[in-house]
Amino acid sequence: MVRYLLRRFVAIFLALVFISTFTFFGMKAIPGGPFASEKKLPPKVEENLNKKYHLNDPLLKQYKDYMFGLAKGDLGPSFKYPDRTVNDIIKDGFPVSAILGAISVLLALSVGLSAGIISALKQNHWQDHVAMILATIGFSVPSFVLAALLQFVFSYKLNWVVPAMWGTWQQTILPSISLAALPSATIARLMRSSMLEVLQQDYIRTAKAKGLKDRVIIYRHAVRNAVMPIITYLGPLIAATFTGSFVVEFIFAIPGLGRYFVTSVFNRDYTLIMGLTIFYSVFLMAMNLIVDLSYAIIDPRVKLTGGKE
């Protein structure tokens, strides 16, 4: 296990160095700069800004300075948000996005797993058809359409919940449903197909022949093995939802991290682009590592070693 973890940490470190280097030089290759906008700045002002942020330094020196700061956990100042660093922006926005993402993932797991299990156990019955129709709708309806529809029905027509903003649990309901729709549909379909495959296995027939109760066979043997594809899907899902959704956060006026992924590119805010890319990469690789470790916990047949798994 120790050798396995060391090997993974080395792989993560090398991947982060590659991502940081590729993103840094990729940004610099794009024409323009953070202070080149439609409203042209006076040349002297632009020169002073470039000097302040060391944008006139040789490219390799900029790269070396950034990587040195990155090693100390300093992601640098934002070029477009005065008096704020990239660390401050992530520190302020991530908790909000993470709370919304956690609620959405829990909702998606509850709905998706239940629908997938019921659909597999009731294959070709009306429960199966209803679950798959709802899953297809979840796949087909974009999140921004669903978000606007939920606001119209439950806020403006029924007046049950507030339409936007952030701060109370009521304000998490509509955005979390909007975020959970697609993952719920994906989990339902994955769980259904995996359950159908597991239910055909010999050990399930053996358990039935031994006279075990259906409830024991389903939850102790079938679900435990069928859930493995869901565990694999959870790694990227958690990374994506916890770091924010631009569309959902924009529609519901949520002060999360998602909007910065888009605005930083439009603003050519180099350090913010770099910081968000590295932060997302670290989070994604950490989630994938946790998923890989959880395989061994859920299924004892999976062995994690320094060589072959």
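Note that the structure is a prediction, hence the values are computed from the model and not measured.

Rules behind the numbers
Residues numbered from 1 in each chain as written. Predicted model: local features only at pLDDT ≥ 70, side-chain atom pairs only at ≥ 80, totals over all residues. Heavy atoms only, no water. Helix = DSSP H or I, 4+ residues; strand = E, 2+ residues; numbered from the N terminus. Buried < 20%, exposed > 50% of the residue type's maximum accessible area, 1.4 Å probe, protein only. Areas by Shrake-Rupley, 256 points an atom, 1.4 Å probe, with all protein chains shown as cover. Expected span 1.5 Å × (residues − 1). Contact = heavy atoms within 4.5 Å. Patch = residues over 30% accessible without salt bridge, like charges linked within 9 Å, V, L, I, M, F, W, Y side chains within 5 Å. Salt bridge = Lys/Arg side-chain N within 4 Å of Asp/Glu carboxyl O. pLDDT = per-residue confidence, 0-100. Axes fitted to C-alpha atoms, helices over the stretch in contact; angles between N-to-C directions. Parallel < 35°, antiparallel > 145°, perpendicular 65-115°, else oblique. Left-handed = near helix turned anticlockwise from the far one by under 90°. Nonpolar A, V, L, I, M, F, W, Y, C, P; charged D, E, K, R; others polar.

The next point concerns the overall build of the chain. The helix and strand tally for the chain stands at 13 helices and 0 strands. Across the chain, helices and strands are ordered from the amino to the carboxyl terminus as α-α-α-α-α-α-α-α-α-α-α-α-α. For the chain, the spread of C-alpha atoms along the principal axes amounts to about 85 × 60 × 30 Å. Within the chain, the proportion of its 309 residues that are buried is 41%. Element-wise, carbon and sulfur atoms account for 68% of the exposed surface of the chain, whose accessible area totals about 17,700 Å².

As a further point, take unusual backbone geometry. Phi at Asn 124 takes a positive value of approximately 70°, unusual for a residue other than glycine. Looking at where Asn 124 falls in the secondary structure, it is placed in the loop between α4 (86-121) and α5 (126-140). You can call Asn 124 exposed: its relative accessible area is 56%. Even without glycine at this site, Met 165 takes up a positive phi of about 80°. As for its position among the elements, Met 165 is in the loop between α6 (143-157) and α7 (173-199).

Our next topic: helix α9 (residues 214-226). Its 13 residues give α9 an end-to-end C-alpha distance of only 16 Å, which falls more than 12% under 18 Å, the value for a rise of 1.5 Å per residue. Of all the positions in α9, only Val 216, Ile 217, Ile 218, Ala 222, Val 223 and Ala 226 are classed as buried. Those residues of α9 hidden inside the fold are in contact with α4, α7, α8 (202-209) and α10 (228-242).

A few words on a nonpolar patch on the surface. Among the surface-exposed residues, Trp 126, Val 130, Ile 133, Leu 134, Ile 137, Val 141, Phe 144, Val 145, Phe 246, Val 247 and Phe 250 lie close enough to one another that they form a single nonpolar patch of about 1,000 Å² accessible area. For the nonpolar patch, the secondary structure elements donating two or more residues are α5, α6 and α11 (246-251). Broken down by element, the residue count for the nonpolar patch peaks at 5 residues, all from α5. With respect to the element layout, Phe 144 can be found in helix α6. Overall, Phe 144 belongs to the partly exposed group, its relative accessible area being 47%.

Here Pro 34 lies in the loop between α1 (2-29) and α2 (43-52). By relative accessible area, Pro 34 is classed as buried at 3%. When the C-alpha positions of Pro 34 and Leu 5 are compared, they lie 40 Å apart, and in sequence the two are 29 residues distant. Not counting residues up to four positions away in its chain, the partners in contact with Pro 34 are Leu 55, Phe 79, Lys 80, Asn 267, Arg 268 and Tyr 270.

Once that is clear, we can look at the confidence of the model for the chain. Atomic detail in the predicted coordinates should be set aside for any region of low pLDDT. Per-residue confidence for the chain gives a mean pLDDT of 87; residues scoring 70 or more make up 94%. When mean pLDDT is compared element by element in the chain, α4 scores highest at 94, while α2 scores lowest at 71.

Relative to the elements of secondary structure, Pro 142 occurs in the loop between α5 and α6. Note: C-alpha distance between Pro 142 and Ser 178 (36 residues apart in sequence) is 8.9 Å.

Glancing now at the packing of α4 against helix α13 (residues 270-298). For the pair α4 and α13, interaxial distance at closest approach is 10 Å and the crossing angle is 50°. Between α4 and α13, the angle is such that the two are oblique. Note that α4 runs across α13; the crossing there is right-handed. Touching Val 86, Ile 89, Ile 90 and Phe 94 of α4 are Thr 271, Leu 272, Gly 275, Leu 276, Phe 279 and Phe 283, all from α13. In the contact of α4 with α13, the residues fall into 8 nonpolar, 2 polar and no charged.

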